[in-house]
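Coordinate analysis (summary)
The residues making up each chain are set out below.
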Amino acid sequence: MVGTPVQFIAIPLLAAFLIPLLGKIWKELVRITPGVVLAYLLYLAVNLMSYTLEHGRIVEVIAGWAPPWGIDLVFSPFSGFLATLMIFMGFIVWAYSYRFKAIGDYEDYEPTIKYNLLLMMLITASVGVVLTGDIFNLFVFIEILGITSYGLTAFYRHRDGAEASFKYLFIGSLSSMFLLLAIMILYSQLGTLNMADIASKADQLKPVYKISILILFLVAMGIEAEMFPLNGWAPDAYSQAPAPVGAAFAGIVVKAGIYTIIRLIYTLFDVGGTYEYLITMGLITMIIAEFAAISQDRLKRMLAYSSIGQMGLVLTAFGIGKEAGVFAALFLMFNHAIIKSLLFLSGSYMVYNSKTKYLKELNGIGKQMPFTALLFSLAAFAIVGFPPFAGFWSKLAVLTAAADSGMILIVALILSVSLIEVVYYLRVVNRIYFLKPETSDREIQKPTTQAVLSMAVLGIIILVVGFYPDIITGVLHKAASTLLDKSSYIKDVLAIGQTIN
Amino acid sequence: MDLTQYNDILTIIFYGTSIGLILIGLYAALVKRSLIKIMIGLSIVDSGVNLLLLSIGYLAGGTAPIFSPAVIDKQNVIMVDPVPQALVLTAIVIGFAVTGVGLALIIRLYRHHKTVNIDEIKNLKW
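All of these numbers come straight from a predicted model, not from anything done at the bench.

Reading the values: rules and limits
Residues numbered from 1 in each chain as written. Chains lettered and ligands numbered in written order. Predicted model: local features only at pLDDT ≥ 70, side-chain atom pairs only at ≥ 80, totals over all residues. Helix = DSSP H or I, 4+ residues; strand = E, 2+ residues; numbered from the N terminus. Rg over C-alpha atoms; globule rule 2.2 N^0.38 Å. Buried ≥ 20, exposed ≤ 12 C-beta atoms within 10 Å, placed from the backbone. Axes fitted to C-alpha atoms, helices over the stretch in contact; angles between N-to-C directions. Left-handed = near helix turned anticlockwise from the far one by under 90°. Contact = placed C-beta atoms within 7 Å. Nonpolar A, V, L, I, M, F, W, Y, C, P; charged D, E, K, R; others polar. Pairing = 2+ DSSP bridges. Expected span 1.5 Å × (residues − 1). pLDDT = per-residue confidence, 0-100. Parallel < 35°, antiparallel > 145°, perpendicular 65-115°, else oblique.

Assigned secondary structure in chain A consists of 20 helices and two strands. The C-alpha radius of gyration of chain A comes to 22 Å, within 12% of the 23 Å expected for a compact globule of 501 residues. A burial count over chain A gives 58% of its 501 residues as buried.

A few words now on the overall build of chain B. Across its full length, chain B carries four helices and zero strands. When the helices and strands of chain B are listed from N to C terminus, the series reads α-α-α-α. In summary, chain B has a C-alpha radius of gyration of 20 Å against a globular reference of 14 Å for 126 residues, an excess of more than 25%. Judged by the C-alpha coordinates and their principal axes, chain B covers about 65 × 30 × 20 Å. The buried share of chain B, taken over its 126 residues, is 25%.

Packed helix pairs are characterised by how far apart their axes lie and by the angle those axes make with each other. Residues and elements named next belong to chain A. Axis separation between helix 12 (residues 299-320) and helix 16 (residues 390-404) bottoms out at 10 Å; the angle between their running directions is 35°. Relative to helix 16, the crossing made by helix 12 is left-handed. Counted together, Leu313, Ala317 and Ile320 of helix 12 and Val398, Ala401 and Ala402 of helix 16 form the full contact between these two elements. Within the contact of helix 12 with helix 16, the residues separate by chemical class into six nonpolar, no polar and no charged.

Let us look at the interface of chain B and chain A. Contact residues are listed per partner, giving 23 residues for chain B and 23 residues for chain A. Residue assignment for the side of chain B that touches chain A shows that the elements contributing at least two residues are helix 2 (35-56) and helix 4 (82-113) of chain B. It is helix 4 of chain B that provides the largest number of residues to the side of chain B that touches chain A, a total of 13 residues. Considering only residue class, the side of chain B that touches chain A consists of 17 nonpolar, five polar and one charged.

Turning next to the environment of B:Ser43. Residue and element names in this part refer to chain B. Mapped onto the elements, Ser43 comes out in helix 2. Overall, the presence of 20 C-beta atoms within 10 Å leaves Ser43 in the buried class. Each C-alpha atom, one on Ser43 and one on Leu26, is 9.7 Å from the other, the two residues being 17 residues apart in sequence. Residues contacting Ser43, with those up to four places away along its chain left out, are Gly95 and Thr99.

Moving on, we come to the pairing of strand 2 (residues 72-75) of chain A. Residue and element names in this part refer to chain A. Every second residue of strand 2 is oriented toward a common face, with Asp72 and Val74 on one face and Leu73 and Phe75 on the other, all of them buried. Sheet topology note: the strand 1 (residues 58-61)/strand 2 ladder contains four bridges and is antiparallel. Each residue of the ladder has a partner; that of Val59, found in strand 2, is Val74.

Let us now look at unusual backbone geometry. Geometrically, the link from A:Pro387 to A:Pro388 is a cis peptide bond, its omega value of 5° lying close to zero. Position of A:Pro388 among the secondary structure elements: in the loop between helix 15 (370-384) and helix 16.

The next thing to look at is helix 8 (residues 207-224) of chain A. Given 3.6 residues per helical turn, the α-helix brings residues three or four places apart onto the same face. Residue and element names in this part refer to chain A. Between its first and last C-alpha, helix 8 extends 26 Å over 18 residues, near the 26 Å set by a 1.5 Å rise per residue. Among all positions of helix 8, only Ile213, Leu214, Leu216, Phe217, Leu218, Ala220, Met221, Gly222, Ile223 and Glu224 are buried. Residue Glu226 follows helix 8 closely and has a positive phi angle near 60°.

Attention now moves to the confidence of the model for chain A. When pLDDT is averaged across chain A, the result is 86; 96% of the residues are at 70 or more. Ranking the helices and strands of chain A by mean pLDDT puts helix 3 (residues 77-96) of chain A first, with 92, and helix 20 (residues 486-500) of chain A last, with 77.

In this section: the packing of helix 3 of chain A against helix 18 (residues 449-467) of chain A. Residues and elements named next belong to chain A. Two numbers describe how helix 3 lies on helix 18: the axes approach to 7 Å, and their chain directions differ by 150°. Taken together, the axis directions place helix 3 and helix 18 in an arrangement best described as roughly antiparallel. Only Gln450, Ala451, Leu453, Ser454, Val457 and Leu458 of helix 18 make contact with helix 3, whose side of the interface consists of Ile92, Ala95 and Tyr96.

What follows is the structure, given as structure tokens:
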């Protein structure tokens, strides 16, 4: 092994607060530091991932206090896969925003410092959420994630950014209250905060406490995971935040929210009825969000609603349960991170100079920005699930999993909702290539080299995964079976405590 | 008054006060139309939750959970649970940070709209 999981939290946290100081030495360091740190973390994540795929999960004890007393970090194929994905998306977002003009020029690098600092904190917190094995530590990371998200939503100094951010903050602090209440009831009943310990003692809980904890948790985390009806913040936050931040929300923040719900339902409590609940909420979220998306006339709001719809599909897939359902859900999460980020990144350059970001301003932009428009169309085809792009395989996996479990109604619903998705994405692609522009003097913004490169990398991944899905499915199957194997999680974590004492 | 009776009364006072605080805070946050009052409400909710968290770790007649020589020498010493105290300390800091960010956003909203009334700030659909 080259390093330990704690570096995923310690290094970016340190780097985040060093950024303003390094900026005093050389202004360019503000931009370079996050990239160097993220590249190192990506190298580390891939290494640890290959180790954990062979040797099983890595449990790290922090500060010598063994579980169940101290905080532990768990790097399993499941949490490691999500951590690697988050760091990779962080790296892409960093590369894209390297010379993103709206974030700061070379002369005025004050906003760049803030942006890079907040981005590093966002990645630290998300990776912390998926790695930690302590439920209060989870709460702390979720709060860090929340505060950085509020900051990034209000990044542009105009009033709508602050409004969206305040809305997010309001919902976010209510969610943190519910989360804290849930943790409190849990602690008062079981006297432990370690997740493995909670999981092993969960059947001692009285049903009334179990249900109330579960409801509080689901409400709190449903807000972060964009679950209906708690997702009112999402369209505003996505549309008001800077474009790379929209990609970071779709690729990183939402994944952390989904992870928490899944960890809670699959590992902590195995209450009957929660799977059906996940399916119901997922389907409602998906249907309402897709219908909302089709009626949007602004690009970013449409993408935001589509993102909510995809998360509904992920929840449904997790609700189907078993190995096939979890595998499909993880595949969907991976694809959503890659494809939706590409949609946000390329879409934002197409509406760069527009104040209103209406869809009709995209008419005929394919001739002026051929490369960006091509990548946007590629991503649009991929996300609706056309073969041979990446999205096809994940949707196929969901449908197969549902059909195997005999849930034909779900198959029908997913297919008909996909049809809506096809309509509104193809409508945009149609505008890009076949409609005449409304004004002839449209100014276009040329993407920076770094942005072109990062978008191209995402596009290549979509194609490669589309043609050779086997390169990712092996890891995903391993991750899915790790998540379902609750008893080995408990054993691995608590065994550390016994060997030290 | 013996210890259990004393304990019961204290428990009722603690839980009652904290749940009361949470309800007052929620009322302010959900009903008031001024952004500042909403923020105050959210911070009252925070205090209520923190007090509740603290009171589950309380034991009647318990001392501070510090292993000092004076405590170890005594027999049958009751200590309160230190874990909720550590949690509350963290939760207070987080609540402080959220309040700070919220007030900063309110200042920015006020500069643009010249009002803190939530009904007049609706560029985005609520």
